[in-house]
Amino acid sequence: MSEPAREIVDAIFIAAAPDVRDLPAPVFAEVAFAGKSNVGKSSLINALVGRRKLARTSNTPGRTRELVLFRVQLRDGTFDLVDLPGYGYAKVSKSERRAWGPMIERFLQQRAGLRCVVLIVDVRRGLSDDDLQLLEFLATCDLPALLIATKLDKLPRSKFEPTLRALQRDAGTKVLGFSAETGYGRDALLHTLLEHTGLLPDRPAG
Ligand code: GTP
Ligand code: MG
């Protein structure tokens, strides 16, 4: 799976904005990272690109409050990542339809560069109602979803497979295990994102 031409050579911050219309126009294919507050979205981005402090992380839920755009430079190509604010932290009134709110909803509906949304859950907690609603919403927008179960380092190895299989059954979508602590699943995630952004050839030659 190690493809030298697809190595990440640099990752930089581009912009942060409270609304999709305030972000710079999309230039490259984009992947967005969504999930409950404090689940490990920003840590996953850092582990993926190999930069410990690119996206800000915190023990306190609600660290990421804006749409944050990063650019990933490969040896042979470029794609962008969007760190989305976590949902389920700010108290939301019952009358509001979706806990993950209008900021994320507008982004998902209007961002033309978006190719795929990575939904991140804590492997010990599984899918919340908000997560399931988001998966349904992505389906109505025709956006491919990839489910990542992170903090896998918190489980004994013997539990990896059965836990991930159960999650895949509940979600009805592909699931990958991940750990920002150990780097588990990093190469598989990058490979899948490159497929979605069109940066991998369909078939290796020969
Ligand atoms: P918000 O921006 O507030 O929505 O949070 P976030 O989803 O971006 O989470 P963040 O990456 O800031 O991580 C939250 C906490 O979880 C931090 O204390 C991280 O160190 C911890 N954490 C994240 N990923 C992992 C992981 O894979 N394993 C372990 N053990 N801890 C993790
Ligand atoms: Mg964050």
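For the structure itself, look to the data block above.
Rules behind the numbers
- Residues numbered from 1 in each chain as written.
- Chains lettered and ligands numbered in written order.
- Predicted model: local features only at pLDDT ≥ 70, side-chain atom pairs only at ≥ 80, totals over all residues.
- Heavy atoms only, no water.
- Helix = DSSP H or I, 4+ residues; strand = E, 2+ residues; numbered from the N terminus.
- Buried < 20%, exposed > 50% of the residue type's maximum accessible area, 1.4 Å probe, protein only.
- Contact = heavy atoms within 4.5 Å.
- Areas by Shrake-Rupley, 256 points an atom, 1.4 Å probe, with all protein chains shown as cover.
- 1 Å grid on protein atoms, 1.4 Å probe; cavity = no way out; pocket = protein on both sides within 12 Å on 5 of 7 lines; lining within 4 Å.
- Points joined across faces, edges and corners; volume = space filled by probe spheres on them.
- Near = heavy atom within 4 Å.
- Polar contact = N/O pair within 3.5 Å; in protein donor to acceptor, adjacent residues only side chain to side chain.
- Sits in = over half its atoms within 2 Å of the grid points.
- Pairing = 2+ DSSP bridges.
- Right-handed = clockwise from strand over helix to strand, strands pointing away.
- Axes fitted to C-alpha atoms, helices over the stretch in contact; angles between N-to-C directions.
- Parallel < 35°, antiparallel > 145°, perpendicular 65-115°, else oblique.
- Nonpolar A, V, L, I, M, F, W, Y, C, P; charged D, E, K, R; others polar.
- Core = buried A, V, L, I, M, F, W, Y, C linked by side-chain atoms within 4.5 Å.
- Expected span 1.5 Å × (residues − 1).
- Arc of directions from axis to C-beta.

Draft legend 1. Representation of the overall build of the protein chain within the structure. A tally of regular secondary structure across the protein chain gives five helices and seven strands. For the protein chain, the α and β elements follow one another from N to C terminus as β-β-α-β-β-α-β-α-β-α-β-α. Here the protein chain holds 206 residues, and 48% of them are scored as buried. When contacts within the protein chain are restricted to residue pairs at least 6 apart in sequence, long-range pairs at least 24 apart make up 72% of them. Approximately 10900 Å² of the protein chain is accessible, and the part contributed by carbon and sulfur atoms is 46%.

Draft legend 2. Structural detail: the layout of surface pockets. Of the pockets and cavities examined, the largest pocket occupies roughly 600 Å³. Taken together, 27 residues make up the lining of the largest pocket; nearest its centre are Gly-40, Ser-43, Thr-57, Ser-58 and Lys-151.

Draft legend 3. Expanded view of unusual backbone geometry. Although it is not a glycine, Asp-142 adopts a positive phi angle of roughly 60 degrees. Here Asp-142 shows up in the loop between helix 3 (129-140) and strand 6 (145-150). For Asp-142, a relative accessible area of 69% puts it in the exposed group.

Draft legend 4. Up close: the site of ligand 1. Taken together, 22 residues lie around ligand 1, and Lys-41, Ser-43, Asn-59, Gly-62 and Asp-153 are the ones closest in. The separation between an oxygen atom of ligand 1 and a polar side-chain atom of Ser-37 is 3.5 Å. Within the backbone of Gly-86, an N or O atom sits 3.5 Å from an oxygen atom of ligand 1. The fraction of the free accessible surface of ligand 1 (660 Å²) that becomes covered by protein chains is 89%. Given that more than half its atoms are within 2 Å of the pocket grid, ligand 1 belongs to the largest pocket. Among the elements that take part in the shell around ligand 1, helix 1 (residues 41-49) stands out by supplying three residues, more than any other.

Draft legend 5. Quick peek at the pairing of strand 5 (residues 114-122). Within strand 5, eight of the nine residues are buried, which leaves the element mostly enclosed by the surrounding structure. Two elements, strand 5 and strand 6, share six bridges in a ladder whose sense is parallel. For Leu-119, the partnering residue across the bridge sits in strand 6 and is Leu-147. The handedness of the strand 5 to strand 6 crossover, carried by helix 3, is right-handed.

Draft legend 6. Region of the structure containing helix 5 (residues 186-196). When we look at burial in helix 5, the residues that qualify are Leu-189, Leu-190, Thr-192, Leu-193 and Leu-194. Immediately beyond the C-terminal end of helix 5, within one or two residues, lies Gly-198, with a positive phi of roughly 75 degrees.

Draft legend 7. Geometry of the packing of helix 1 against helix 5. The N-to-C vectors of helix 1 and helix 5 enclose an angle of 90 degrees; their axes lie 10 Å apart at closest approach. It follows that helix 1 is roughly perpendicular to helix 5 by the angle criterion. Along its contact with helix 1, which presents Leu-44, Ala-47 and Leu-48, the element helix 5 presents Arg-186, Leu-189, Leu-190 and Leu-193. Of the residues assigned to the contact of helix 1 with helix 5, the class counts are six nonpolar, no polar and one charged.

Draft legend 8. Focus on the nonpolar core. Ranked by internal contacts, the top residues of the largest apolar core, which has 34 residues, are Leu-84, Phe-107, Leu-108, Leu-127 and Leu-147. Secondary-structure elements contributing two or more residues to this core are strand 1 (8-17), strand 2 (30-35), strand 3 (67-74), helix 2 (101-110), strand 5, helix 3, strand 6 and helix 4 (157-171). Once residues within four sequence positions are removed from consideration, Leu-108 is found in contact with Leu-114, Val-117, Leu-134, Phe-137, Leu-138 and Leu-143. Counting residues in each nonpolar core, the second largest holds 30 residues, with Val-39, Leu-74, Leu-193 and Leu-200 among its members.

Draft legend 9. Broad picture of helix 3. Taking 1.5 Å as the rise per residue, helix 3 with 12 residues should run 16 Å; its terminal C-alpha atoms sit 17 Å apart, in good agreement. What helix 3 keeps buried is the set Asp-130, Asp-131, Leu-134, Leu-135, Phe-137 and Leu-138. Looking straight down helix 3, one finds that the buried residues subtend no more than 165 degrees of arc, so they occupy a single side. Exposed side of helix 3, more than 90 degrees from the buried face: Asp-129, Glu-136, Ala-139 and Thr-140 are the residues found there. Positive phi appears at Asp-142, one or two residues downstream of helix 3, with a value of about 60 degrees.

Interpretation in functional terms is not warranted from these geometric data alone.
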